[in-house]
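Single-letter residue listing:
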Amino acid sequence: PWAPVCFVPNGVDLSAFDDLPPRSALEAEHPELKDRFVLLFYGRVHAKKGLDLLAESMGRLAADFPQLHLLIAGKDDGALAPFTARLDALGLTRRATYVGHVSGEQARRVWAAADAFTLPSYSEGFSMAILEAMARSLPCVFTTACHFPEAADADAAVVVDPNVDALTQALRELLERSPEQRAAIAANGRRLVETDYTWERQAGRLAAVYQWLAGGGTPPECVMP
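Residues numbered from 1 in each chain as written. Predicted model: local features only at pLDDT ≥ 70, side-chain atom pairs only at ≥ 80, totals over all residues. Heavy atoms only, no water.

With respect to the state of the cysteines
A covalent bond between the sulfur atoms of two cysteines is what we call a disulfide. Counted by the stated rule, this structure contains 0 disulfides. Distance from the sulfur of Cys-140, which forms no disulfide, to the nearest cysteine sulfur (Cys-146) is 10 Å. Its sulfur unpaired, Cys-222 is 4.3 Å from the next cysteine sulfur, which belongs to Cys-6. (Disulfide = S-S within 2.5 Å.)

Regarding the pairing of strand β3 (residues 68-73)
The side chains of a regular strand alternate, residue by residue, between the two faces of the sheet. Extensive coverage of β3 is indicated by the burial of 6 of its 6 residues. Neither face of β3 is open: one carries Leu-68, Leu-70 and Ile-72, the other His-69, Leu-71 and Ala-73, and all of them are buried. Relative to β3, strand β2 (residues 37-42) runs parallel, the two being bridged by 6 bridges. Within β3, the position partnered with Phe-41 by the bridge is Ile-72. Assessed by its sense of winding, the connection that carries the chain from β2 through helix α2 (residues 51-61) to β3 is right-handed. By the bridge criterion, 4 bridges tie β3 to strand β4 (residues 96-100) in an arrangement that is parallel. Among the inter-strand pairings, Leu-71 is bridged to a residue of β4, identified as Thr-97. With helix α3 (residues 80-89) bridging β3 and its parallel neighbour β4, the resulting β-α-β unit is right-handed. (Buried < 20%, exposed > 50% of the residue type's maximum accessible area, 1.4 Å probe, protein only. Helix = DSSP H or I, 4+ residues; strand = E, 2+ residues; numbered from the N terminus. Pairing = 2+ DSSP bridges. Right-handed = clockwise from strand over helix to strand, strands pointing away.)

Thoughts on the nonpolar core
Leu-40, Tyr-42, Val-110, Phe-117, Met-134, Phe-142 and Phe-148 are the most contacted members of the largest nonpolar core, which has 68 residues in total. Top element by residues in this core is helix α7 (residues 164-176). It accounts for 7 residues. Not counting residues up to four positions away in its chain, the partners in contact with Phe-148 are Phe-126, Ile-130, Leu-131, Met-134, Phe-142, Leu-192 and Tyr-197. (Core = buried A, V, L, I, M, F, W, Y, C linked by side-chain atoms within 4.5 Å. Contact = heavy atoms within 4.5 Å.)

Notes on the pattern of salt bridges
On inspection of all chains with the given rule, the structure shows 14 salt bridges. For the salt bridge of Glu-124 with Lys-49, the shortest nitrogen-to-oxygen distance reads 2.8 Å. A residue pair is termed long-range when its members are at least 10 positions apart, and Glu-124 in the loop between β5 (116-119) and α5 (128-135) and Lys-49 in the loop between β2 and α2 qualify at 75 residues. Judged by its relative accessible area of 10%, Glu-124 falls in the buried class. Notably, a salt bridge pairs Arg-205 with Asp-196, separated by 3.6 Å at the nearest N-O pair. Overlapping salt bridges, with partners in common, bring together Asp-196, Arg-201, Arg-205 and Glu-221 in one network. (Salt bridge = Lys/Arg side-chain N within 4 Å of Asp/Glu carboxyl O.)

Some points on the side chain of Thr-168
As for its position among the elements, Thr-168 is in helix α7. For Thr-168, a relative accessible area of 7% gives the class buried. At 2.9 Å, the side chain of Thr-168 and the side chain of Ser-57 are in polar contact. Ignoring sequence-local partners within four residues, the contact set of Thr-168 consists of Ser-57, Arg-60 and Leu-61. (Polar contact = N/O pair within 3.5 Å; in protein donor to acceptor, adjacent residues only side chain to side chain.)

Side note on the packing of aromatic side chains
Tallied over the entire structure, the rule returns 7 aromatic pairs. A ring pair is formed by Phe-142 and Phe-148, whose centres lie 6.4 Å apart and whose planes are at 15°; its orientation type is stacked. Exposure remark for Phe-142: the relative accessible area of 0% places this residue in the buried category. Taken together, the ring pairs connect Phe-17, Tyr-42, Trp-111 and Phe-117 into an aromatic cluster. (Phe/Tyr/Trp six-rings, centres within 6.5 Å; stacked < 30°, edge-to-face > 60°.)

A look at the layout of surface pockets
Leftover empty space is mapped by rolling, across the atoms, a probe with the size of a water molecule. Quantified by volume, the largest pocket comes out at close to 220 Å³. Forming the boundary of the largest pocket are 13 residues, of which Phe-7, Pro-9, Glu-150, Tyr-197 and Arg-205 lie nearest the centre. Of the residues belonging to the lining of the largest pocket, the class tally is 8 nonpolar, 1 polar and 4 charged. A volume near 160 Å³ is recorded for the second largest pocket. It is helix α4 (residues 104-113) that contributes the most residues to the lining of the second largest pocket, 4 residues altogether. Looking at the lining of the second largest pocket, its residues break down into 9 nonpolar, 3 polar and 3 charged. (1 Å grid on protein atoms, 1.4 Å probe; cavity = no way out; pocket = protein on both sides within 12 Å on 5 of 7 lines; lining within 4 Å. Points joined across faces, edges and corners; volume = space filled by probe spheres on them. Nonpolar A, V, L, I, M, F, W, Y, C, P; charged D, E, K, R; others polar.)

Set out below in structure tokens:
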């Protein structure tokens, strides 16, 4: 139990988020997205992801923000039916679009169509979707259960507790900010990923660990005693 621990997080490929297709590519398939503020949830559609919180927050925000539209991308893992049923009960069926699991060029179309990203999860290990959203330069709202406090420290996201009141307030504040203010948050997120969360950065950290194991000396910063 006293052995040192090496912590090297996952990385993201920045090139996947460069030269994205035009937003109109996804709007051609889903015209309901046109002229809307698209809030993207990208991930497994599972109960632990907090879609129940997102539905309730939409119910509280919809009247004040008529342009707000949810875009849900990810494989259904049991939470889609209760989520859509709740949206229907709130009269918001037409305010959400579900595109299922996407990858490759279709995933790039989804990222290109988004104006902001949210992950209201109750439990995460380390979310690749958050890294990807930041690499895409989207303003992000997610929960403390995503275990990524570095984003809040860098003013790269709004991070709140996983409950309806906190999520609703965070989304409201994000929507009420100017486009320039949202762009500043997004730029901070991209900068954070470029600095600390590329695969090149993680490969360098891991190489330093092997060099230390082979040659001794001062442990790298990613090794915790």
